[in-house]
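Architecture at a glance
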Amino acid sequence: MMDEKVRLGIVVGEFNYDITYLMLQRALDHAEFLGATVEKVMKVPGSFDMPLAIKKLLEMENVDAVVTIGAILKGDTDHDQVVAQHAARKMMDLALEYSKPVALGVSGPGMTRGEATERIEEYAKRSVEAAVKMVRRLK
């Protein structure tokens, strides 16, 4: 059963798309490297909008796990903290509700644009890796 391909859905936030587009490219490359297939990529406006798209992907029979890709940057207020906390909480809730992994590849909160850029590769790869490992270990 280990050689069975892991089928992924990816949700990517368009907010800070100069960063998340690069994260998406790294995630797609890493999925291929790990022998997983990406069944569908859904773009959403931002990380706060991810849960509904995640839910739609989790409902699909040909999706074993969902990878999330986003970057939440620090603004002038604590808005980034609120967005990150609620998005991550809902991602966990959905994983438990559907018994399918949802991997957190959203960097931040509290980051500058420079810090987010430095984390592009790390967060993208880690999210894909976590999703693939979880699917394989739960089988």
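On a predicted model such as this, the values are computed, not experimentally measured, just so you know.

**A few points about the pattern of salt bridges**
According to the stated counting rule, one finds 13 salt bridges in the structure shown. In this structure, Lys74 engages Asp80 in a salt bridge whose closest nitrogen and oxygen atoms are separated by 3.9 Å. Under the relative-accessibility criterion, Lys74 is labelled partly exposed at 39%. When the shortest N-O distance is used, the salt bridge between Glu122 and Arg126 registers 2.9 Å. Of the two residues, Glu122 and Arg126 are both situated in helix H5 (residues 120-138); the distance of 4 residues between them amounts to about one turn of the helix. A residue is classified by how much of its surface remains accessible, and Arg126, at 45% relative accessible area, is partly exposed. Shared partners join several salt bridges into a network, and the residues in it are Arg26, Glu121 and Lys125.

**Some remarks on the nonpolar core**
Residues Leu8, Met23, Val67, Ile69 and Val128 are the most contacted members of the largest nonpolar core, which totals 25 residues. Listing elements by their share of this core, those giving two or more residues are strand S1 (7-13), helix H1 (17-33), strand S3 (65-73) and H5. Counting residues per element, this core draws most heavily on H5, at 7 residues. With near-sequence residues (within four places) excluded, Met23 lies in contact with Ile69, Gly70, Gly105, Ile120, Tyr123 and Ala124.

**Thoughts on the side chain of Thr68**
Looking at where Thr68 falls in the secondary structure, it is placed in strand S3. Residue classification places Thr68 among the buried positions, given a relative accessible area of 0%. A polar contact is formed between the side chain of Thr68 and the backbone oxygen of Ala103, at a distance of 2.7 Å. Polar side-chain contacts of Thr68 include one of 3.0 Å to the backbone nitrogen of Gly105. Here Thr68 is in contact with Val11, Met50, Ile54, Met91, Val102, Ala103, Leu104, Gly105, Val106 and Ser127, once residues within four sequence places are set aside.

**Considering the pairing of S3**
Within S3, 9 of the 9 residues are buried, which leaves it mostly tucked inside the rest of the structure. Residues Ala65, Val67, Ile69, Ala71 and Leu73 point to one face of S3 and Val66, Thr68, Gly70 and Ile72 to the other, with burial holding for every one of them. In terms of strand pairing, S1 meets S3 through 5 bridges, oriented parallel. Looking at S3, one finds that Val12 is bridged to Ile69. With 2 bridges joining them, S3 and strand S4 (residues 102-103) adopt parallel strand pairing. Within S4, the position partnered with Val66 by the bridge is Val102. For the crossover that starts at S3, traverses helix H3 (residues 79-98) and ends in the parallel S4, the hand is right-handed. Here 3 bridges tie S3 to strand S5 (residues 106-111), and the two strands are oriented parallel to one another. Looking across to S5, one finds that Ala71 is bridged to Ser107.

Each value, and the rule that gives it
Residues numbered from 1 in each chain as written. Predicted model: local features only at pLDDT ≥ 70, side-chain atom pairs only at ≥ 80, totals over all residues. Heavy atoms only, no water. Salt bridge = Lys/Arg side-chain N within 4 Å of Asp/Glu carboxyl O. Buried < 20%, exposed > 50% of the residue type's maximum accessible area, 1.4 Å probe, protein only. Helix = DSSP H or I, 4+ residues; strand = E, 2+ residues; numbered from the N terminus. Core = buried A, V, L, I, M, F, W, Y, C linked by side-chain atoms within 4.5 Å. Contact = heavy atoms within 4.5 Å. Polar contact = N/O pair within 3.5 Å; in protein donor to acceptor, adjacent residues only side chain to side chain. Pairing = 2+ DSSP bridges. Right-handed = clockwise from strand over helix to strand, strands pointing away.

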